[in-house]
Amino acid sequence: MLTGAPIVVISFLYVGLLFAIALYGDKRANSGRSIIANPYIYTLSLAVYCTSWTFYGSVGRAATSGIGFLPIYLGPTLMAALWWYVLLKMVRISKAHRITSIADFIASRYGKSHLLGGLVTIIAVLGIVPYIALQLKAISASFSTILQYPNSLVSAAPDALPFLQDNTFYVAMLLAVFTILFGTRHLDATERHEGLVAAIAFESIVKLIAFIAVGLFVTFGMFDGFDDLFSRATAIPELNALLVQGGAAGNYTTWASLTVLSMLAIILLPRQFQVAVVENVNERHLNKAIWLFPLYLLAINIFVLPIALGGLMHFPAGTVDADTFVLTLPLSEGQTWLALLAFVGGLSASTGMVIVETIALSTMVCNDLVMPILLRLKALRLTERADLSNLLIGIRRAAIVLVLALGYVYFYLAGEAYALVSIGLISFSAVAQFAPAMLGGLFWKGGTRLGALTGLSAGFLIWLYSLLLPSFAKSGWLPITFLTQGILGIDLLKPQQLFGLQGMDEISHCLFWSMIANVGLYVGVSLWRHPTAAEHSQANLFVDVLRHVAAGSGSRFWRGSATVADLQTLLGRFIGPERANESFAAYARSQGITAVEQLTANAVLVHYVESQIAGAIGSASARDMVASVVVEEPLALEEVMAIIDEASQALAYSRQLEQKSRELEAATYELRIANQRLQELDRLKDDFISTVTHELRTPLTSIRAFSEILGDNPNLETEQRAKFLGIITRESERLTRLINQVLDLAKIESGAAEWNPSALDMREVIEEATTALSQIYKERGIRLSTDLPDGLPVVYADRDRIFQVVLNLLSNAANFCDKPESHVRVALALENTALRIDVTDNGIGISAADQNVIFEKFRQVSDDASGKPKGSGLGLAISREIVQHYKGRLWVVSALGVGSTFSFTLPLPRSKLPFLAA
Amino acid sequence: MIRPTFKGQRLVALFMLGCLLFNYPLLTLFASDIRIWGIPLVYVYLYVAWAALISAMALVIERRDQ
Amino acid sequence: MTMHALIVEDEENILLSLEFLLSEAGYTTSTAKDGADALKSLERAIPDLVLLDVMLPLIDGFEVCRRMRANPALRNTRILMLTARGRDTEVQHGMALGADAYVTKPFSTRALMAKIRELSIGDLQQNNNAT
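Because the structure is predicted, anything quoted here is derived from the model rather than measured. (Residues numbered from 1 in each chain as written. Chains lettered and ligands numbered in written order. Predicted model: local features only at pLDDT ≥ 70, side-chain atom pairs only at ≥ 80, totals over all residues.)

> Could you clarify how one ought to interpret the overall build of chain A in this entry?
The helix and strand tally for chain A stands at 34 helices and 9 strands. Looking at the 918 residues of chain A, the share that counts as buried comes to 47%. Considering only residue pairs separated by 6 or more positions, chain A has 82% of its internal contacts joining residues 24 or more positions apart. (Helix = DSSP H or I, 4+ residues; strand = E, 2+ residues; numbered from the N terminus. Buried ≥ 20, exposed ≤ 12 C-beta atoms within 10 Å, placed from the backbone. Contact = placed C-beta atoms within 7 Å.)

> I'm lost on the overall build of chain C in this one. Help?
Across its full length, chain C holds 5 helices and 5 strands. For chain C, the α and β elements follow one another from N to C terminus as β-α-β-α-β-α-β-α-β-α. In chain C, once contacts between residues fewer than 6 apart in sequence are set aside, the share between residues at least 24 apart is 60%.

> Please clarify how the interface of chain A and chain B should be interpreted in this entry.
Interfaces are often described in size by the accessible area the parts lose on coming together. Listed by partner, the interface residues are 29 residues for chain A and 30 residues for chain B. Elements supplying a minimum of two residues to the side of chain A that touches chain B: α4 (71–83), α10 (226–235), α12 (249–268) and α14 (285–301) of chain A. Residues belonging to the side of chain A that touches chain B are distributed by class as follows: 22 nonpolar, 6 polar and 1 charged. (Nonpolar A, V, L, I, M, F, W, Y, C, P; charged D, E, K, R; others polar.)

> Help me understand the sheet that holds strand β1 (residues 3–8) of chain C in this model?
The strands making up a sheet associate through backbone hydrogen bonding, with each pair oriented either parallel or antiparallel. Residue and element names in this part refer to chain C. Taken together, 5 strands build an open sheet; the order of strands is β2-β1-β3-β4-β5 and the sheet is parallel. Strands with a single pairing partner mark the edges of an open sheet, and in this sheet they are β2 (27–32) and β5 (101–104). Within this sheet the neighbouring strands show an average axis-to-axis angle of 20°, counted without direction. In this structure, β1 lies alongside strand β3 (residues 49–53), joined through 4 bridges in parallel fashion. Paired with V8 across the two strands is L52, which belongs to β3. Packed on one face of the sheet, helix α1 (residues 12–24) meets β1, β2 and β3 and runs near 160° to β2. (Pairing = 2+ DSSP bridges. Axes fitted to C-alpha atoms, helices over the stretch in contact; angles between N-to-C directions.)

> Is there a simple way to explain the pairing of strand β5 (residues 795–798) of chain A in this structure?
For a regular strand, side-chain orientation follows a simple rule: the groups alternate between the two sheet faces. Residue and element names in this part refer to chain A. Here β5 shows a clear split, with V795 and A797 buried on one side and none of Y796 and D798 buried on the other. Looking at chain direction, strand β3 (residues 757–760) and β5 are connected through 4 bridges and run antiparallel. Note that in β5 the partner of P757 across the bridge is D798.

> What is the right way to look at the nonpolar core in this model?
The nonpolar side chains of a soluble globular protein tend to be buried with one another. In terms of nonpolar packing, the biggest core is built from 220 residues, with I106, L268, A308 and V326 of chain A touching the most fellow members. If one sorts the elements of this core by residue count, helix α17 (residues 336–376) of chain A sits on top with 20 residues. When residues no more than four places from it in sequence are discounted, the contact partners of V326 of chain A are F55, Y56, V59, F211, V214, I307 and A342 of chain A. Counting 40 residues, the second-largest nonpolar core is a separate cluster that includes Y27, M81, Y102 and L112 of chain C. (Core = buried A, V, L, I, M, F, W, Y, C linked by C-beta atoms within 7 Å.)

> Is there a simple way to explain the environment of A299 of chain A in this structure?
Summarising the element assignment, A299 of chain A is placed in helix α14. For A299 of chain A and I209 of chain A, which are 90 residues apart along the polypeptide, the C-alpha to C-alpha distance reads 9.9 Å.

> Could you clarify how one ought to interpret α14 of chain A in this entry?
All names here are of chain A. Across its 17 residues, α14 extends 24 Å between first and last C-alpha, which sits within 8% of the 24 Å expected from 1.5 Å per residue. At W291, α14 shows its strongest bend, of approximately 30°, with the proline P294 following within four residues. Among the 17 residues that make up α14, 12 are buried, leaving the element largely enclosed by the rest of the structure. Residues of α14 that are buried include every one of H285, L286, A289, I290, W291, L292, F293, P294, Y296, L297, I300 and N301, and no others. (Expected span 1.5 Å × (residues − 1). Bend = angle between axes of the 7 residues up to and from the residue.)

> What is the right way to read the sheet that holds strand β6 (residues 823–831) of chain A from this model?
Residue and element names in this part refer to chain A. Strand order in the open sheet made by the 5 strands is β4-β6-β7-β9-β8, with mixed pairing throughout. Pairing within the sheet leaves two strands with one partner each, and these edge strands are β4 (783–787) and β8 (890–895). Strand after strand, the sheet turns through a mean of 15° between neighbouring axes, direction not considered. Relative to strand β7 (residues 834–841), β6 runs antiparallel, the two sharing 8 bridges. From the neighbouring strand, L830 faces β7, where its bridge partner is L835.

> So what exactly am I meant to see when it comes to the interface of chain C and chain A here?
Counting residues at the interface gives 17 residues for chain C and 19 residues for chain A. Per element, the largest residue contribution to the side of chain C that touches chain A is 5 residues, and it comes from α1 of chain C.

> Teacher, can you tell me more about the confidence of the model for chain A here?
Reading predicted coordinates in detail is not appropriate for stretches of low pLDDT. Residues of chain A with pLDDT of at least 70 account for 85%, and the chain-wide mean is 81. Between residues 549–559 of chain A, whose pLDDT stays under 50, and residues either more than four places distant or in other chains, the model counts 33 contacts. (pLDDT = per-residue confidence, 0-100.)

> Could you clarify how one ought to interpret unusual backbone geometry in this entry?
When glycine is set aside, most residues are seen to have a negative phi, and most peptide bonds are trans. Cis geometry marks the peptide bond from K105 of chain C to P106 of chain C, where omega comes out at -15°. Checked against the element boundaries, P106 of chain C lands in the loop between β5 and α5 (109–130). Even without a glycine there, the phi angle at N832 of chain A is positive, about 55°. Within the secondary structure, N832 of chain A is located in the loop between β6 and β7. Accessibility expressed as a C-beta count within 10 Å gives 9 for N832 of chain A, which makes it exposed.

> Just to check I follow, could you spell out the packing of helix α3 (residues 52–65) of chain A against helix α7 (residues 114–148) of chain A for this structure?
Helix-helix packing is described using two parameters, namely the angle between the two axes and the distance between the axes. Residue and element names in this part refer to chain A. Relative to each other, α3 and α7 sit at 70°, their axes nearing to 10 Å. The orientation of α3 with respect to α7, classified from their angle, is roughly perpendicular. Crossing of α3 against α7: the hand is left-handed. Of the residues in α7, those in contact with S52, W53 and Y56 of α3 are L134, Q135 and A138. (Parallel < 35°, antiparallel > 145°, perpendicular 65-115°, else oblique. Left-handed = near helix turned anticlockwise from the far one by under 90°.)

> What am I meant to see in the packing of helix α2 (residues 39–46) of chain A against α14 of chain A here?
Residue and element names in this part refer to chain A. One way to put it is that α2 packs onto α14 with a least axis distance of 9 Å and a crossing angle of 50°. It follows that α2 is oblique to α14 by the angle criterion. Every pair of crossing elements has a handedness; the one defined by α2 and α14 is right-handed. Residue-level inspection shows P39, Y42, T43 and L46 of α2 in contact with α14, the latter providing H285, K288, A289, L292, F293 and Y296. Considered class by class, the residues forming the contact of α2 with α14 number 7 nonpolar, 2 polar and 1 charged.

This is the structure:
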């Protein structure tokens with residue numbers, strides 16, 4: 001058969017391959033071309049959930065309790081549907097607050113409490129240790145199986161080999177080395193390990209392929225398909241019993257408990273938090289993962305039952321441990337390569353779990369357990385140490401070794417007594433204790449630190465008492481009377497029948513009591529007191545994270561003074577001086593400041609530095625470090641509440657503003673223009689008044705002057721006297737005209753004018769106007785022609801006013817004709833639903849600039865040739881008002897030196913419009 | 001990022017459906033001796049229901065919003 | 001010695017009346033219809049009096065006044081400003097620029113001539129004192 005050496009070589013080669021993948025992944029990440037930035041890799045990394053428990057243990061469980069292996073996978077499927085809310089919140093919060101572990105998360109939520117963080121870490125470590133032991137057991141067992149087949153029959157439990165001869169010990173050591181190499185080469189502020197994720201994703205593929213390969217082999221190789229396999233199984237009474245889903249009440253509860261436990265485990269296991277939250281690259285990956293991950297679980301479970309049944313049928317009862325069927329079945333049929341593939345698959349499953357879980361745990365131990373304590377020990381003067389990064393890495397590595405050592409110890413002491421799956425469920429029950437604090441923290445603002453502490457402690461104690469210690473007792477490490485009689489012989493305190501609750505399996509029993517205590521105390525104690533300022537602010541930030549923009553407002557709760565240099569030095573101590581420089585430079589750029597020296601040490605910068613440091617040592621410790629540099633003034637609760645309210649209002653506003661910023665910009669622009677216009681109108685009004693005054697005084701001046709002259713000089717020559725009188729008369733007329741026009745315009749504009757509409761034949765009106773001016777045209781030698789067709793419909797308007805308009809246009813045209821062959825043409829036409837009148841001249845034309853201006857009051861085109869312009873400047877303004885009163889338009893088209901065409905329209909009365917389309 | 005909450009609500013609904021489908025009261029309905037391709041009804045039901053739920057979740061996620 | 005006056009006014013009729021009044025008072029007159037014209041005329045001959053309308057096309061009366069006062073050759077020329085806008089600020093502006101008198105339109109002919117006589121008496125007295 002197989003000897004040890006090739007298997008070991010293959011194992012090392014495989015791990016080497018994983019390393020290569022990890023290194024490649026990291027290299028790509030550093031160059032910016034991440035290979036893990038897609039949802040498929042993300043989903044595959046989540047499949048680290050499937051450990052050797054899945055690979056070997058499911059088959060074992062199926063062989064003993066039929067369908068009972070399935071709920072562990074149904075639970076995550078159900079929870080995946082809720083990921084849309086739950087996991088998304090977790091990811092977003094963690095990104096915003098640089099949270100790097102589940103302990104950090106819970107501690108941060110409840111006011112950055114070191115105590116909570118430490119408690120969570122301890123529970124996590126104690127809870128996961130059995131699970132790690134399980135993996136160790138699987139690796140060594142699979143190694144022994146493949147090596148010693150066909151001698152590895154009954155679950156060989158050599159009574160505690162002295163550990164130096166126990167190959168599991170070496171496995172543990174090697175795993176420690178691998179984990180250290182995979183996960184602690186450097187400190188990353190984000191705690192992301194892209195290479196690791198790539199390797200894990202690869203392992204997920206390998207274990208899926210391996211398992212399905214074995215499944216196919218068993219179903220179609222050893223049997224003739226599902227039909228054949230199952231019918232043969234049914235033929236055997238014991239197996240048939242397995243298949244029929246009997247319904248003892250115990251089964252119901254177990255089923256439900258396992259579903260619930262696995263639902264919680266998929267988000268609360270440290271390794272799951274690590275890959276799902278911390279290592280997440282892009283929130284959008286969650287979407288695909290929601291259904292792809294359950295799909296993976298489905299795929300890897302298709303062949304569990306066939307393999308189990310196949311094994312049971314193939315091997316005489318009780319001779320081979322069902323946990324090993326995945327290996328032994330191929331081996332028994334001489335399929336060595338398949339067996340090796342299966343072995344590698346199992347190795348993938350185990351190593352993946354151990355590495356990720358251990359890294360996650362070491363991060364927690366370092367950031368949330370050790371560092372807070374060390375920082376508190378003033379004797380160490382850690383706050384004065386220049387470079388802490390080496391210390392941090394050292395602590396992480398020590399933690400990895402510690403965790404694996406504990407795993408081995410547990411395996412050594414207690415592991416042999418249990419089937420694989422049962423050990424795993426103990427771990428699930430432990431991390432389930434985080435659920436009230438975590439889920440409550442995500443959705444309920446009322447959760448307080450004290451509530452979380454008491455709930456967590458109570459749940460943990462019950463777990464300890466009803467699951468962990470009994471597992472020791474069952475392995476003989478504690479007296480068995482502990483189980484059978486309860487502590488101190490008190491019946492009601494029997495660990496697995498607390499208060500007399502019987503009939504539940506141990507898992508359900510523990511879940512029941514621990515959840516009652518945990519949830520009860522969490523809610524009860526939280527409601528007992530109001531949340532503190534820090535808790536309230538964190539609660540808002542966490543629970544409302546989906547509704548608001550990225551949370552930067554945590555910085556508002558600091559009032560303090562610091563210098564930029566201090567902060568930069570502080571940061572440098574954790575991530576190295578060069579990286580601190582880069583970080584500050586990037587921050588300055590984001591604030592639009594070119595030089596770091598110009599940064600101000602305000603709350604925003606402090607928060608930024610704090611979050612950077614939190615990536616290295618956890619958020620609770622980060623706060624302390626920053627506090628040592630920033631002289632902080634404590635805030636009263638009212639102040640903080642005011643700030644929070646202000647902040648949440650501001651956040652809400654900023655969100656609305658973001659959405660409407662485009663509209664606002666456009667509106668502002670329009671408003672600005674309107675304001676300018678208003679100001680101009682105001683100025684114009686003032687101008688208007690002063691211009692009117694000026695315009696009125698000018699003719700008055702002439703009138704008065706000449707009147708006085710005539711009066712004082714009775715002996716003037718007749719000719720001169722006549723001339724002067726003429727001037728007086730003309731200027732009086734001019735004055736009167738001007739006054740009339742001003743009043744007219746004022747009346748029209750203010751709406752006080754009288755309009756007397758009647759049916760107008762425009763031809764007639766135009767003809768009358770041309771007649772009135774014919775004299776002047778003749779005098780000036782301007783030819784006047786008309787183009788007035790017959791049969792046009794009438795319009796309803798005030799005759800005098802329209803006449804006024806036509807007259808105005810005609811006289812303007814006359815005024816601006818300078819050539820000897822001047823020609824003015826008046827045209828009348830029907831255009832769509834209106835009458836249109838054009839007055840065209842070939843005079844001097846109007847420049848583009850003036851075209852905009854001539855319709856305004858008192859604006860005239862300055863005629864350089866003749867000096868002062870003729871007319872009062874009000875004519876066109878009045879004409880426009882009149883035309884617009886009847887909903888028409890008055891405009892000009894002109895070119896300098898060529899001529900101008902003034903046009904206006906008068907809409908026809910509606911009822912007269914022929915056959916308008918609806 | 002504004003996520004359409006309709007998807008989220010649908011997923012929650014699927015969650016509740018799943019809880020119903022995968023738990024005991026409903027499961028006992030299928031605890032019979034009927035075999036499909038030799039496989040007991042319960043297993044077929046569970047796997048089929050599981051696949052159906054996953055497909056429903058995929059549909060909810062991947063479908064473009066109207 | 002006859003006095004010479006330059007009348008700068010763009011309104012034809014007002015110009016006419018001023019010409020009449022000044023010639024009645026013994027001045028010889030030249031006229032200008034806008035600021036540029038006025039400045040050109042000043043280059044040709046230095047008048048004793050300038051009647052300066054404020055509202056002129058192209059270069060306005062204030063500007064003409066300023067330039068006149070900046071020219072030492074025109075030191076002795078009296079400037080009398082005319083305007084239809086009677087705001088105090090305008091009057092002050094004109095006086096600040098160096099005008100000697102300010103009359104608003106419509107003016108009383110007698111008042112105008114009285115002012116002109118005042119200005120010329122001053123001149124005569126100066127001339128007398130100089131000699």
